[in-house]
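Descriptive structure summary
As a plain string of letters, each chain reads:
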Amino acid sequence: MPRRKAADRVGPVKTRSRGGCKECRASRVRCDTQKPVCTRCRERGLPCSTELVLKWESEFVSRGLAFGRAGVWNKSRAAGGPQSKLSSQYSDSHLLDDQEWCSVPFVEPWGFVNSGVSTFEQPDQVNIACDELNGLVVRTREPVIMPRDLLADPGSPLVLDVVDYHSAFQHVQQLQGPSSPLPLFPNISQTDHRGLFDYYLQHVCPRTTASSKASSPFASVILPFCLSASPTMFHAIQALGACHWSRFNPDYSTVALRFKSQALKGLRYRLSPEGSLGYSQDPEVLVIMMMLCLYEIVDNCDQRWTVHLKGAKDLIRFRRQQQLEPPKAADTRDPVSTFAERFFAFQDVMGRTACGEEVLFGSDYWQEDEGKVDLWMGCSPELVSILSSITELSRTRRQLSSDSARASFSLCAASLERKLENLVQEIDDDDDDSLLSAAELKRLAAVLYLHCALYGASPATPLVVSYVRRILRIVSDLLDSGSLVSMTWPVFVAAVELDPVHDEVWAEPGENAAATHGRPLVLRALAAMAESSVSNVARTRAVIVKVWQARDNDMLKGSPVEASNDPTSCNDWEWYVAPISTAMSLA
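What counts as what
Residues numbered from 1 in each chain as written. Predicted model: local features only at pLDDT ≥ 70, side-chain atom pairs only at ≥ 80, totals over all residues. Heavy atoms only, no water. Helix = DSSP H or I, 4+ residues; strand = E, 2+ residues; numbered from the N terminus. Buried < 20%, exposed > 50% of the residue type's maximum accessible area, 1.4 Å probe, protein only. pLDDT = per-residue confidence, 0-100. Contact = heavy atoms within 4.5 Å. Axes fitted to C-alpha atoms, helices over the stretch in contact; angles between N-to-C directions. Parallel < 35°, antiparallel > 145°, perpendicular 65-115°, else oblique. Left-handed = near helix turned anticlockwise from the far one by under 90°.

As a further point, take unusual backbone geometry. P36 follows K35 through a cis peptide bond whose omega is 5°. Mapped onto the elements, P36 comes out in the loop between α1 (22–26) and α2 (39–44). Unusually for a residue other than glycine, R28 sits at a positive phi of about 55°. The backbone of T33 shows a phi angle near 55°, a positive value even though the residue is not glycine. Tracing the backbone through its elements, the reader meets T33 in the loop between α1 and α2. Its relative accessible area of 31% is what places T33 among the partly exposed residues.

Written as structure tokens, this is what we have:
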């Protein structure tokens, strides 16, 4: 039977529906668009799915076709009709006159915060291997001006022009004698990787102090001590240098592991029962453990660096028990032992601020009235003493069972707050703006940490908002000036207390001035610190991102901390930060 002509049809013309399912469209059959399964697919047992097709206007214009209902369209195509002229009319009138193009913002590679299945299935675990920052360290191909044989590697990172160590070499040469024909460091003069020691001096040491005018203790204290050091000491230093260099050149990972193995072998012998009596008072053992501890922090920053921390604690306690006379004052003891002990004690205090674990190094390592800023710590020992007291006081907050205990707690918290507000940190050179800024950053972060750990403040608290802005403003200024050392802890404290609802931290005056947002600024700072510090910034970023994701997930259902009125329950810091901050190095 022949098909009816259009003029002989009775009733409305049946056309295909625009929302038809994929199966009906493939069979060229009209779909009744019943949901969730159309009638035809239900009767035939077919999977009914609606296919979403994305159409791009630029593609249709390039092919000379109308996009959607734009222009005039008709089935009857008369010669010279509107269809033949559609392309030129559409391009001239619609694209040029009616369309307004928006500029595409420039997105940095550090600006991505990705979430996966593990983000929701394992909310209390931090996966550093998947963090984006691991692949963001810039590998330059410029040669590096360094002594000896370090020019051979074209993949060396650029020299961090912060401190000139020429004076340090001159000082060591004067100690040895002006006319001595012997090499300066005979234990490394015959090795194949003697350039790693120079890398340690010119790249690792400047990244350990915020001062732009004074030499780092890792050079000024350790370098003269190396004159009489054993091969194990040099193996530990070369392992640290190779490990840090491997962040820019992966070929040095194997070299770092080999030197680390040799250093561990020598350290194990010294700590054996046969050698412990002879080397228990030798400061070189502490220095070797310090270098290996830094190695683990730079490498993965997992539980392995805390093994050296706990071992150093036991060794220091054993050394003090063996002393027949009472411990000497810090300024009369040998500088190597003093620096090594303070290194481990500072790592312990700063790491415990995040997780609140039990103290390893007590308050006897700090003097409450010592306000002079330490070059490596970037703050005064008095500030570190206050931080240690805040962490210890926060551990007792949830165990307060009486009104008198809570009143005593409030008095102690108020006393620590007054100390922070009135704290004056002194430096030798008043023109050292970088060191002053680092010390002030840590003081502001300490005030913020006190209110979060002791008073239960949250990101929405007005005082927290104010201090976060003050900290990030200084961080932004330091980023613009290129001084990025000793910023890990302040950036961490401010980042985990950012308000997810109001991320804009400040806006410059003017109509066209762009606003500054907290999270992009933090990510920018972390990306810059990944190349300018001797710390594992990838671990710090991974924890910060995990806190952000947890806060974002609780925006709709509400934070469980804000809903609880029980004073013995977890506060905001204990709920979001502490559970995922174990074994962090924030020094």
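Taken as a whole, the chain shows an average pLDDT of 79; of its residues, 75% reach a score of 70 or greater. When the criterion is pLDDT under 50, residues 76–94 qualifies, and its contacts beyond four places in sequence or with other chains add up to 23 contacts. Counting interchain partners and residues more than four positions distant, the pLDDT-below-50 stretch residues 138–183 has 91 contacts.

Let us look at the environment of A542. By the secondary structure assignment, A542 is in helix α23 (residues 537–557). The exposure class of A542 is buried, given its relative accessible area of 8%. Taking C-alpha positions, A542 is 6.0 Å from I128, a pair spaced 414 residues apart along the chain.

All right, on to the packing of helix α11 (residues 231–245) against helix α14 (residues 283–299) then. Interaxial distance between α11 and α14 falls to 9 Å at its minimum, and their mutual angle equals 15°. On the basis of the axis angle, α11 is roughly parallel to α14. Regarding α11 and α14, the two cross each other, and that crossing is left-handed. Of the residues in α14, those in contact with T232, M233, A236, I237, A239, L240, C243 and H244 of α11 are E284, V287, I288, M291, L294, Y295, V298 and D299.

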